[in-house]
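Now for the letters of each chain:
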Amino acid sequence: MRAILTQAEREFAVSDLPVSAVLPDLLQALDAAPQILLAAPTGAGKSTWLPLQLLQRANLSGRIIMLEPRRLAARNVAQRLAEQLGEQPGETVGYRMRGENCVGPATRLEVVTEGILTRMLQRDAELSGVSLVILDEFHERSLQADLALALLLDVQQGLRDDLKILLMSATLDNARLSALLPDAPLIVSEGRSFPVTRRFASLSATLRFEEAVARETAQLLREESGSLLLFLPGVAEIERVKRELESRVAEDVDLTPLYGALPLATQRRAILPAPPGRRKVVLATNIAETSLTIEGIRLVVDSALERTAQFDARSGVTRLLTQRISQASMTQRAGRAGRLMPGICLHLIAEEQASRAAAQSEPEIAHSDLAALWMELLQWGCNQPDQLTWLDLPPEKHLRAARQLLARLGALDESGKLSAQGRRMAQLGGEPRLSAMLCAAGQDPDAAACAALLVAVLEDPPRSGTPDLRDALHRPQPQWQRRAKQWQSRLGVSGGRVDEDRFPALLAAGFGDRLARRRDNGGRYQLANGLGAMLDSQEGLNRYEWLIAPALLQGSATPDARMLLALPVDIDALRQARPELVEVRTEVEWDEEKGTLRALRREQAGVLVLKAQPMARPQPEVLHAAMLRWVAQKGLAVLGWSEAAEQLRVRLQCAAQWLPEETWPAVDDETLLATLDVWLLPEMGAVRDLKSLQAVNLVSALLHLLTWSQRQRLDSALPTHYTVPTGSRLPIRYHADKPPALAVRIQEMFGEASNPAVAEGRVPLVLELLSPAQRPLQITRDLAAFWRGAYPEVQKEMKGRYPRHPWPDDPASALPTRRTKKYSPQG
């Protein structure tokens, strides 16, 4: 390790920043432990001061990699760290982000954005030459940060026991992290540089949101000095509030937006100090919540709202939701006011409501598209997520959607591992759909140039407001052209001419499921994946019957997704260029006139029918496959469910609950519809029409889901009938949400001292004890208690009503009977 080399380094070696107080403890922990947790308040210097101290003082022979969640924060942090050394980024301190590499041979501290660290690990799993990886602002629980931690822990366990991991944030979920990493020391830096007074105020219910926010903000500006940071959930709110503020603030106040879609240069201008004699209001999304020091900020107004992307695994489309932020985010936002001086934070929420907010934000892994993550895991050699150590396991339904998408893109082989194309896509990096487009270009220079431009535009979508993708492709901006050249370089193909006729086929390689056909003249389309989509009714693209829509957003006001970007398609040309999009299949549908099923031969792109013709007598295997698809579409109710079959389903559900040590098959509607070929198809040998389909014995069909031993145990532990003391074999009624029941005449239970039970004695039957006339007398799950307690009253009443039937004083030891007294053996 080199010594401290410069005067600037010496000046920053001792600091009054709060985190400096725990530096000795941190250095000691780095020597002793593989993972360290650092909770340091906003403004403590953990991002912009501490990394240099670790570089200079820790016993580290290699480089330090620091992961920052956001591009602007990464560049800003690297700039601040380099300035402290009297250098420019690219010397001792550098940074790397998508499309930008500012590191040199002397760089020993690299600030990288998400995805870059994953690429580094995939290329060199040992992280050769790296001694410490810092995951900054880990409280955000981004998908890439969770993945990076899982991979780094795997590296520590199998390849590099000398590699160190430092997790940092102002609001770490200490309890859960300590449970995951029990040997990791937790170091807490107390206090922040300057105190922040936190206030709470509910917004007026009689004003529009933007009016109410602008009024509270303007009032705070009038009462207090200094510049202000205003947190809003999204770009639309920023623009509306900005318009409201323009007429409410003094002339010396500048209004500057700050959000991720702005160019980096514009974002950087927003964080610079206001000119002398002026103040500024920065209207920001949660991009400003962490790691950024926005110069001159003394006041914060927090709307207490954020917009999050929620992936719908069923439709494959992301929905944007506006929701309350967590208490951890409120703490982060308040801390922005105390970075440079004592400040004030006004939370636009009642204090009592704030106290009920979730402690931590939900991790991205719980509500994100996991296709890219699953590809990373497969590239890592991990075929099951639980092979790695996660703070939160990826949800199975999202993983299932990821596997289905990757299979459609040709990235998986039959065993579910990466195919040759999948490995190529993984090496290219980026989102799987975009990588599939690049792979589809092959080594053709013209196709590669087109694919690279398409990917560049889709990575950084235009903000012009028009959904017509041709506008961007015909007038590419400089940043798209630069990025396209980087992609061409990664493909190893140079030159080439952009030919717009190639765009639809290339888009279809990644977004074939988003081929769209017009449904009406009002901008409504049907997608190949079955989802509805829409354009504004005045949009010029509406005149095209066929579109392909790579960018969709699911709103809350309508079931149809909104097309953010779309491209017109010549369906015949696309079919010729991408024949794999069209599948020839036999389908069945209900013929209302004839009251029967009819078979059709269809040429389809997903659910979109290009051509259909009737079939007279399809082969059984073709017909049966079509019938299964019809059942999957219509639901299980179209089958002929007998009482016995319904009871078998319920018994299996009960078995899973009462006998959990056995792995019982799931029999909910969703699972049964997804596995029709496993249980229903084997019983369809004689099926030719709807009548014979509905005659299928569903009891026999469902039993295909069970092994022989499971069938034996089910019949033994959860029998369909119970034999009462008289020898009568009576049916047991099973229920999904309440105990099983047995209806029996009371005389037939004489001689039974204890209550019968199922599930190997674990679940008592509910006995519905009946009178000789089959009227209910008593319901009990404790027969012995009934004989001792309530029976004498029943006996007294029933003797007078049914004198010809026996009513013994000791029913627990009396002989059971199905007969009246004159036919009784005692008679």
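Residues numbered from 1 in each chain as written. Predicted model: local features only at pLDDT ≥ 70, side-chain atom pairs only at ≥ 80, totals over all residues. Heavy atoms only, no water.

**Considering the overall build of the protein chain**
The secondary structure content of the protein chain amounts to 30 helices and 31 strands. The principal-axis extent of the C-alpha atoms belonging to the protein chain is close to 115 × 65 × 60 Å. Looking at the protein chain as a whole, 52% of its 827 residues are labelled buried. Side chains of the protein chain give 99 positive and 100 negative charges; the mean places of these two sets differ by 4 Å. (Helix = DSSP H or I, 4+ residues; strand = E, 2+ residues; numbered from the N terminus. Buried < 20%, exposed > 50% of the residue type's maximum accessible area, 1.4 Å probe, protein only. Lys, Arg positive; Asp, Glu negative; His and termini not counted. Charge placed at Lys NZ, Arg CZ, Asp CG, Glu CD.)

**Observations regarding the packing of helix α17 (residues 445-459) against helix α19 (residues 478-491)**
Contact pair α17 / α19: the axes reach a minimum separation of 8 Å and the direction vectors enclose 130°. Judged by the angle between their axes, α17 and α19 are oblique. The chirality of how α17 crosses α19 is right-handed. Every residue of α19 that contacts α17 at Ala448, Ala449, Ala452, Leu453, Val455, Ala456, Val457 and Glu459 is listed here: Trp480, Arg483, Ala484, Trp487, Gln488 and Leu491. Its residues assigned to classes, the contact of α17 with α19 shows 11 nonpolar, 1 polar and 2 charged. (Axes fitted to C-alpha atoms, helices over the stretch in contact; angles between N-to-C directions. Parallel < 35°, antiparallel > 145°, perpendicular 65-115°, else oblique. Left-handed = near helix turned anticlockwise from the far one by under 90°. Contact = heavy atoms within 4.5 Å. Nonpolar A, V, L, I, M, F, W, Y, C, P; charged D, E, K, R; others polar.)

**A closer look at the pairing of strand β17 (residues 515-518)**
Note: β17 against strand β20 (residues 546-554), 3 bridges, orientation antiparallel. Directly across from Ala516, in β20, lies its bridge partner Leu547. Where β17 and strand β18 (residues 524-527) come together, 3 bridges link them in antiparallel fashion. Across the sheet, Ala516 pairs through a bridge with Leu527, a residue of β18. Linking β17 to β18, which pair antiparallel, is a turn of 5 residues; within it Gly523 sits at a positive phi near 90°. (Pairing = 2+ DSSP bridges.)

**Section: helix α8 (residues 209-223)**
Look at α8: 22 Å from first C-alpha to last across 15 residues, which is about the 21 Å you get at 1.5 Å a residue. Here the buried face of α8 lies against β9 (196-200), β10 (227-231), α9 (235-246), β12 (279-284), β13 (297-302) and β16 (343-347). (Expected span 1.5 Å × (residues − 1).)

**Details of the side chain of Thr92**
By secondary structure assignment, the location of Thr92 is in the loop between α4 (71-84) and β3 (93-97). Here the side chain of Thr92 touches Glu87 through a polar contact of 2.9 Å, side chain to side chain. (Polar contact = N/O pair within 3.5 Å; in protein donor to acceptor, adjacent residues only side chain to side chain.)

**Some words on the sheet that holds β12**
Strand order in the open sheet made by the 6 strands is β9-β16-β13-β10-β12-β11, with parallel pairing throughout. Pairing within the sheet leaves two strands with one partner each, and these edge strands are β9 and β11 (253-258). With strand direction ignored, the average angle separating the axes of adjacent strands in the sheet is 20°. Of the strand pairs in this sheet, β11 and β12 are connected by 6 bridges, and their pairing is parallel.

**Topic: unusual backbone geometry**
Even without being glycine, Arg141 reaches a positive phi, approximately 50°. Among the secondary structure elements, Arg141 is positioned in the loop between β6 (130-135) and α6 (143-158). Here the phi dihedral of Ala759 falls at roughly 55°; this positive angle occurs in a residue that is not glycine. Within the secondary structure layout, Ala759 lies in the loop between β28 (757-758) and β29 (763-764). Among the residues examined, Ala759 registers a relative accessible area of 0% and is labelled buried.

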